[in-house]
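If you want the building blocks of each chain, they are given just below.
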Amino acid sequence: MISTNINGKNADVDVSPDTPILWMLRDSLGLTGTKFGCGAALCGACTVHLDGQAIRSCVTPVSAARGKQITTIEAATGGGDKVGNAVHAAWVKHDVAQCGYCQSGQIMSATAFLKSLPRGKQPSIAEIDSAMAGNICRCGTYARIRAAVADAAKAIS
């Protein structure tokens, strides 16, 4: 049994400690917004936050989340997260998604990045590209992703 906090709610999940967080979220808890992409932490589709840090849930074992806070796309864009909501709104405004498969991971990475910036700092294009480099978009919407991150940064400043 693993005790953790998922999207602000305490959870005791009966999974093996070496089960990847991704599969705990999807299979045990029904939180399917986090996607499986590559299974090797190379594409970023499975990105969630662990105590506020963007991590790849496909390779991070549930044991690493014991006593910590996991935030998924469901909570980052569906409630009181000002930064997550700003990122989501910018994604819609800039029509970022095409197939949409990578978008939850992209949004989670962008949200963690913007939260890491000093209040009011507007990131450069190079900083945005560096922060988002671990997320692959097969549709190639990188220019729209960059514009959406920059727009969200302005919205939260």
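As the structure is a computational prediction, the values presented were derived from the model and not from experiment.

Caption draft 1: Focus on the sheet that holds strand β1 (residues 2–6). Taken in spatial order, the five strands make up an open sheet running β2-β1-β5-β3-β4, and their pairing is mixed. The open sheet has two edge strands, β2 (9–13) and β4 (53–56), and neither has a second partner. Along the sheet, successive strands turn relative to each other by an average axial angle of 40°, direction set aside. When β1 meets strand β5 (residues 69–71), the two strands line up parallel, connected through two bridges. Looking at β5, one finds that Asn 5 is bridged to Gln 69.

Caption draft 2: A look at the environment of Val 96. Position of Val 96 relative to the elements: it lies in the loop between α3 (82–93) and α4 (103–116). Taking the C-alpha atoms as reference points, Val 96 and Ile 55, separated by 41 residues in sequence, lie 22 Å from one another. Residues within four places of Val 96 in sequence aside, it is in contact with Trp 91, Gln 103, Thr 141, Arg 144, Ile 145 and Ala 148.

Caption draft 3: Fine view of the packing of aromatic side chains. In this structure the tally under the stated criterion is one aromatic pair. A ring pair is formed by Trp 23 and Phe 36, whose centres lie 5.4 Å apart and whose planes are at 35°; its orientation type is tilted. Of this pair, Trp 23 sits in helix α1 (residues 21–28) while Phe 36 sits in the loop between α1 and β3 (47–50); the two residues are 13 residues apart in sequence, bridging distant segments of the chain.

Caption draft 4: View of unusual backbone geometry. Non-glycine residue Ala 41 carries a positive phi angle of around 60°. Residue placement: Ala 41 occurs in the loop between α1 and β3. Not every positive phi belongs to a glycine, and Asp 95 is a case in point at roughly 50°.

Caption draft 5: Seen up close, the nonpolar core. Ranked by internal contacts, the top residues of the largest apolar core, which has 24 residues, are Val 87, Trp 91, Leu 114, Ile 145 and Val 149. Among the secondary structure elements, those contributing two or more residues to this core are α2 (73–76), α3, α4, α5 (125–132) and α6 (142–156). Counting residues in each nonpolar core, the second largest holds 15 residues, with Ile 6, Val 48, Ile 55 and Val 62 among its members.

Rules used throughout
Numbering of residues begins from 1 in every chain and follows the order in which that chain's sequence is written. Only residues with pLDDT of 70 or above have their local features reported here, since the model is predicted, and side-chain atom pairs are shown and tallied only from 80 upward, although totals for entire chains, interfaces and linings are computed over all residues. Calculated side-chain values reflect all of the structure's heavy atoms, with hydrogen atoms and water omitted. Think of it this way: DSSP has to see at least two bridges between two strands before they count as a pair. Where helices and strands are cited, they refer to DSSP runs of H or I of at least four residues and of E of at least two residues respectively, numbered from the N terminus. An axis is simply a line fitted to the C-alpha atoms; with a helix, the fit covers only the stretch in contact. Between two such axes, the angle follows the N-to-C directions and lies from 0 to 180 degrees. The contact criterion used is simple: two residues touch if any of their non-hydrogen atoms lie within 4.5 Å. The aromatic pairing rule takes the rings of Phe, Tyr and Trp, using the six-membered ring of Trp, and pairs them if the centres are within 6.5 Å, calling planes under 30 degrees apart stacked, those over 60 edge-to-face and the rest tilted. Buried residues of nine kinds, namely Ala, Val, Leu, Ile, Met, Phe, Trp, Tyr and Cys, make up a nonpolar core once their side-chain atoms join them within 4.5 Å. Think of it in three bands: with a 1.4 Å probe and only protein chains considered, a residue is buried below 20% of the maximum accessible area for its type, exposed above 50%, and partly exposed in between.

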